[in-house]
Amino acid sequence: MTGPVSPSREARVRIMVREEEEIREEVRTTLSGSPRSLPCRFFYDAEGARLFEEITRLEEYYPTRAETEILGGCAAEVARVVGPRARMVEFGSGSGEKTWLVLDELESPSAYVPVDIAREQLVEFAARVRRRLPGLEVLPVVTDYTRLSELPWPETEAGATLAFFPGSTVGNLDPEDARTFLARVARSLGSGEFFLIGVDLVKDPDRLERAYNDARGVTAAFNLNILRHLNTRLGSDFDPDGFRHRAIWNAEHSRIEMHLVSQRDQVVSLGPRAAHGRPSALEIVFGEGEVIVTEYSYKYGLDDFRTVAREAGYGTVSAWTDARGDFSVHLLEVR
Ligand code: AVI
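Parameters at a glance
- Residues numbered from 1 in each chain as written.
- Predicted model: local features only at pLDDT ≥ 70, side-chain atom pairs only at ≥ 80, totals over all residues.
- Heavy atoms only, no water.
- Phe/Tyr/Trp six-rings, centres within 6.5 Å; stacked < 30°, edge-to-face > 60°.
- Helix = DSSP H or I, 4+ residues; strand = E, 2+ residues; numbered from the N terminus.
- Buried < 20%, exposed > 50% of the residue type's maximum accessible area, 1.4 Å probe, protein only.
- Lys NZ or Arg CZ within 6 Å of the ring centre and 35° of its normal.
- Near = heavy atom within 4 Å.
- Polar contact = N/O pair within 3.5 Å; in protein donor to acceptor, adjacent residues only side chain to side chain.
- Areas by Shrake-Rupley, 256 points an atom, 1.4 Å probe, with all protein chains shown as cover.
- Nonpolar A, V, L, I, M, F, W, Y, C, P; charged D, E, K, R; others polar.
- Salt bridge = Lys/Arg side-chain N within 4 Å of Asp/Glu carboxyl O.

Observations regarding the packing of aromatic side chains
What the rule picks out here adds up to 21 aromatic pairs. On the basis of an interplanar angle of 75° and a centroid distance of 6.2 Å, the ring pair of Phe-91 and Phe-195 is categorised as edge-to-face. Taken as a pair, Phe-91 in strand E2 (residues 87-91) and Phe-195 in strand E7 (residues 194-200) lie far apart in primary sequence, 104 residues in all. Judged by relative accessible area, Phe-195 falls into the buried class, the value being 0%. Centroid distance Phe-238 to Phe-243: 6.5 Å. Interplanar angle 65°. Geometry classified as edge-to-face. Grouping residues by exposure puts Phe-238 and Phe-243 together as buried. Taken together through their ring pairs, the aromatic side chains of Phe-91, Tyr-145, Phe-165, Phe-181, Phe-195 and Tyr-314 make up a single cluster. The ring of Tyr-62 carries the charged tip of Arg-207 above its face, separated from the ring centre by 5.2 Å.

This is the structure:
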């Protein structure tokens, strides 16, 4: 008999244990580096995804409003350039509010592939898209899109391909990784296909810092949630009250840096504690004031991003900004 074989319960447990060990090792390595850091993809458990949605509605966090304004104005033009029966892949679809602005303008799109690391949100959003556009093939993929190598395109006849990467999430990659990611997407799309990408712009440092230090403390809760998430995943014993959120503008590198600052001398165990109080390789010692970098959020000049895109193999069809010049959306074509 042929067909997919689902792994036995025992095999699934083995996979989960292996995954847990890999994450523990990755976290041990990044926390032992200089500077100490945590991979920002661990922000996004269900609570992290919920807190991020709350951030996007904050008065101080301008990117979502600015990008929504731009997409509202340019989506019809994007649809005209891309043409009928397009298939769309979206990286980091989240709750998908911006998706509708583009998808609703496309002429009879043939397939939609949302890619996201937050499983529950992705499954729920894919179901909503299916209900609203029953004729559209929807193929959700749960993964870290920076690691994605191939996309599950359906067999159906299709027009052009449009990749969509809103939110300036490209800014969470350092510029070299951003170039590598864009180049990889270009290769998998192929010549003549399109990439619509949102990119936050350099601006007054006070506004930038306010966007990441909101008065209600939602960004602080989002930042600290990474420790709770790791405790759940690894059985580690981070004390979220032992760390404080901080976000600063680093002008030299053109990035916002999100930090967690240790409030006291403390030892964190990433796994079971060693017997008799002996230090274990899984224990990390933090001094008071020591910093964990949890996220970089790079901001670009309009022309600087055009250059990055060109170096990654694209030509710019159009680039738009909002009325205030805070944010940009670029329609790129693979050369
Ligand atoms: C997802 N990403 C683009 C957000 C940003 O602005 O870098 C994540 C975020 N971190 C704090 N606030 C929002």
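What follows picks up the thread again.
Side note on the site of the ligand
Lining the immediate surroundings of the ligand are 14 residues, of which Tyr-61, Asn-172, Tyr-212, Glu-295 and Ser-297 lie closest. Asn-172 places a polar side-chain atom, nitrogen or oxygen, 2.9 Å from a nitrogen atom of the ligand. Here an oxygen atom of the ligand sits 2.7 Å away from a polar atom, N or O, in the side chain of Ser-297. Taken by itself the ligand offers 340 Å² of open surface, and the protein chains cover 97% of this. Listing elements by their share of the shell around the ligand, those giving two or more residues are helix H2 (46-56), helix H8 (218-234) and strand E12 (291-298). Considering only residue class, the shell around the ligand consists of seven nonpolar, six polar and one charged.

Some words on the pattern of salt bridges
A full pass over the atoms with the stated rule returns 22 salt bridges. Among the ionic pairs, Arg-216 bridges to Glu-54, the shortest N-O distance being 2.7 Å. Of this pair, Arg-216 sits in the loop between helix H7 (205-211) and H8 while Glu-54 sits in helix H2, and the two are 162 residues apart along the sequence. Here Arg-216 falls in the exposed class, since its relative accessible area comes to 63%. Its salt-bridge partner being Glu-67, residue Lys-98 comes within 2.7 Å of it at the nearest N-O pair. Taken together, the residues span a long stretch of sequence, with Lys-98 in helix H4 (residues 97-103) and Glu-67 in helix H3 (residues 62-82) at a distance of 31 residues.

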